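Spelled out, the chains give:
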Amino acid sequence: MPAARPRPDPRANQKERTRAALVAAAAELLRRGVPPTVAEAAEAARVSRATAYRYFPTQEALLLEVAELAPAVAPVEAMLSALPEDGDPEARLRQLLDAFIPVLLTEQVPMRSALRAYLDHWLESRRAGEEAPPLREGRRRRWLDTALAPLRRELPERDWRRLCAALSLTIGIEAVVVMKDVCRIEKDEEVLEVLRWAAGALLRAGLEEARRRPAGAARGNGAARGDARRTGRRGGGRAARR
């Protein structure tokens, strides 16, 4: 039986809308020739300054998103929006990588600058003893949801979350940093080839494991223990009656 689709988190949707409103307002100000501050973007978007600073703690982070990151990934967004509802999941995943990894390789400076801004804010919050709010939009999770949509009802929630988390390691500037700085791969074509291979291997392994699992096993150990306790109580009651 196909896994039930979980209900969307309304709080997550609201956060996405708030962030999108700030980005749209800042982009409009930038088109007018005004590099917006976070406070100016908040005013234009009718969002409180405190809320705006949770999404973009500095003007640099805001301008990076508006002026460089969002335009750079626009072709990826367009490609995903044109995907049909059905199709081979591995082919769709490959399309995502083929669209986005070249962008990362071409736009390494703004992408690495954004990563630095995210890490700097995390470190500053840690030093202050505060919990750093999530600054990143989470594009790759949304993109994976779209690319792998044909699998969504097939996989139990636990398997779906784990598969998307694993594939997230292959899609993003962090993956390029590892390929370039750690593995010392110079050719961009080889970087794309390695990440394609890794993503495909993870997808096939996740699907094979999920499909091999006996029916009912996805309910989890908690459900199995509950069944055992109920069986034990019924058995104990029958024994007492005898």
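Everything quoted here is computed from the prediction, not taken from an experiment. Sequence order sets the numbering: in each chain, residues are counted from 1 along the sequence as written. Only residues with pLDDT of at least 70 get local features here, since the model is predicted, and only at 80 or more are side-chain atom pairs given and counted; chain-wide, interface and lining totals rely on the full set of residues. Water and hydrogen atoms were dropped before computing side-chain values, which therefore reflect all heavy atoms in the structure.

Chemist: Please clarify how the overall build of the chain should be interpreted in this entry.
Modeler: Broken down by element type, the chain carries 11 helices and zero strands. Traced from its N-terminal end to its C-terminal end, the chain shows the element sequence α-α-α-α-α-α-α-α-α-α-α. Under the scheme applied here, a residue whose accessible area is under 20% of the maximum for its type counts as buried, over 50% as exposed, and between as partly exposed, the area being computed with a 1.4 Å probe on protein chains only. Looking at the chain as a whole, 36% of its 242 residues are labelled buried. Any two residues whose heavy atoms approach within 4.5 Å at even a single point are treated as in contact. In the chain, the share of contacts with a sequence separation of at least 24, taken over all contacts with a separation of at least 6, comes to 68%. Under the convention used here, a 1.4 Å probe and the Shrake-Rupley method define accessible areas, while residue burial counts only the protein chains that appear. Put simply, the chain shows about 15100 Å² of open surface, and 53% of that area lies on carbon and sulfur atoms. Numbering of helices and strands starts at the N terminus; helices are DSSP runs of H or I of at least 4 residues and strands are runs of E of at least 2.

Chemist: For this particular structure, what's the right way to read empty space enclosed by the protein?
Modeler: Using a 1 Å grid laid over the protein atoms alone, points where a 1.4 Å probe fits but cannot get out form a cavity; open sets with protein on both sides within 12 Å along at least 5 of 7 lines form a pocket; any residue with an atom within 4 Å of a point counts as lining. Grid points are joined across faces, edges and corners, and a volume is the space filled by probe spheres set on the points. One pass over the structure, following the stated rule, counts one cavity of 30 Å³ or more. Size it by volume and the largest cavity reaches roughly 40 Å³. Polar here means any residue other than Ala, Val, Leu, Ile, Met, Phe, Trp, Tyr, Cys and Pro, which are nonpolar, and Asp, Glu, Lys and Arg, which are charged; Gly is therefore polar. The residue makeup of the lining of the largest cavity, split by class, is five nonpolar, no polar and two charged.

Chemist: Explain the confidence of the model for the chain to me, please; I cannot follow it from the model alone.
Modeler: Averaged over every residue, the pLDDT of the chain is 84; the share at 70 or more is 82%. One number per residue, pLDDT, summarises how confident the predictor is, and it ranges from 0 to 100. Between the elements of the chain, mean pLDDT differs from a low of 47, seen in helix α11 (residues 221-241), to a high of 97, seen in helix α9 (residues 173-182). Scored below 50 in pLDDT, residues 1-6 makes nine contacts in the model with residues more than four places away or belonging to other chains.

Chemist: What's the story with the packing of helix α6 (residues 108-127) against α9 in this structure? I'm lost.
Modeler: What describes two packed helices is the angle between their axes and the distance between those same axes. The axes are straight lines fitted to the C-alpha atoms, using for helices just the contacting stretch, and the angles between their N-to-C directions are given from 0 to 180°. In contact at an axis separation of 10 Å, α6 and α9 are set at 110° when each is read in the N-to-C sense. Here α6 is positioned roughly perpendicular relative to α9, judged by the angle of their axes. Crossing of α6 against α9: the hand is left-handed. The residues of α9 that touch α6, namely those facing Gln108, Met111, Arg112 and Leu115, are Ile173, Glu174, Val176, Val177, Lys180 and Asp181. Between 65 and 115 degrees an angle is taken as roughly perpendicular, under 35 as roughly parallel, over 145 as roughly antiparallel, and anywhere else as oblique. By definition, turning the near helix anticlockwise from the far helix through less than a right angle yields a left-handed crossing, and turning it clockwise yields a right-handed one.

Chemist: Even after reading the chapter, I still don't get the side chain of arginine 139, so can you show me in this structure?
Modeler: With respect to the helices and strands, the residue arginine 139 is situated in helix α7 (residues 139-147). What arginine 139 contacts, discounting residues up to four positions off in sequence, is Glu65, Leu69, Ala70, Val73 and Glu77.

Chemist: Is there a simple way to think about the side chain of serine 125 in this case?
Modeler: By the element assignment, serine 125 lies in helix α6. For serine 125, a relative accessible area of 5% corresponds to the buried category. Setting aside its immediate chain neighbours within four residues, serine 125 contacts Glu130, Glu131 and Ala132.

Chemist: Help me understand the packing of α9 against helix α10 (residues 188-212) in this model?
Modeler: At a closest axis distance of 10 Å, the pairing of α9 and α10 adopts a crossing angle of 125°. Viewed along their axes, α9 and α10 adopt a mutual orientation that is oblique. Regarding α9 and α10, the two cross each other, and that crossing is right-handed. Judged by residue contacts, Ala175, Met179 and Lys180 of α9 engage Asp188, Val191, Val194 and Leu195 from α10. Residue composition of the contact of α9 with α10, by class: five nonpolar, no polar and two charged.

Chemist: Would you mind showing me how to read the pattern of salt bridges here?
Modeler: Pairing between side chains becomes possible if they bear opposite charge and their charged atoms approach one another. In what follows, salt bridge is the name for a side-chain nitrogen of Lys or Arg lying within 4 Å of a carboxyl oxygen of Asp or Glu. Scanning all chains against the criterion turns up 18 salt bridges. A salt bridge links arginine 139 to glutamate 65; the shortest N-O distance between them is 2.3 Å. Taken as a pair, arginine 139 in helix α7 and glutamate 65 in helix α4 (residues 59-81) lie far apart in primary sequence, 74 residues in all. For glutamate 65, a relative accessible area of 3% puts it in the buried group. For the salt bridge of aspartate 188 with lysine 180, the shortest nitrogen-to-oxygen distance reads 2.7 Å. A relative accessible area of 33% places aspartate 188 in the partly exposed class. Given a relative accessible area of 16%, lysine 180 falls into the buried group. What you see here is one network of salt bridges that share partners, running through Arg158, Asp159, Arg162 and Glu209.

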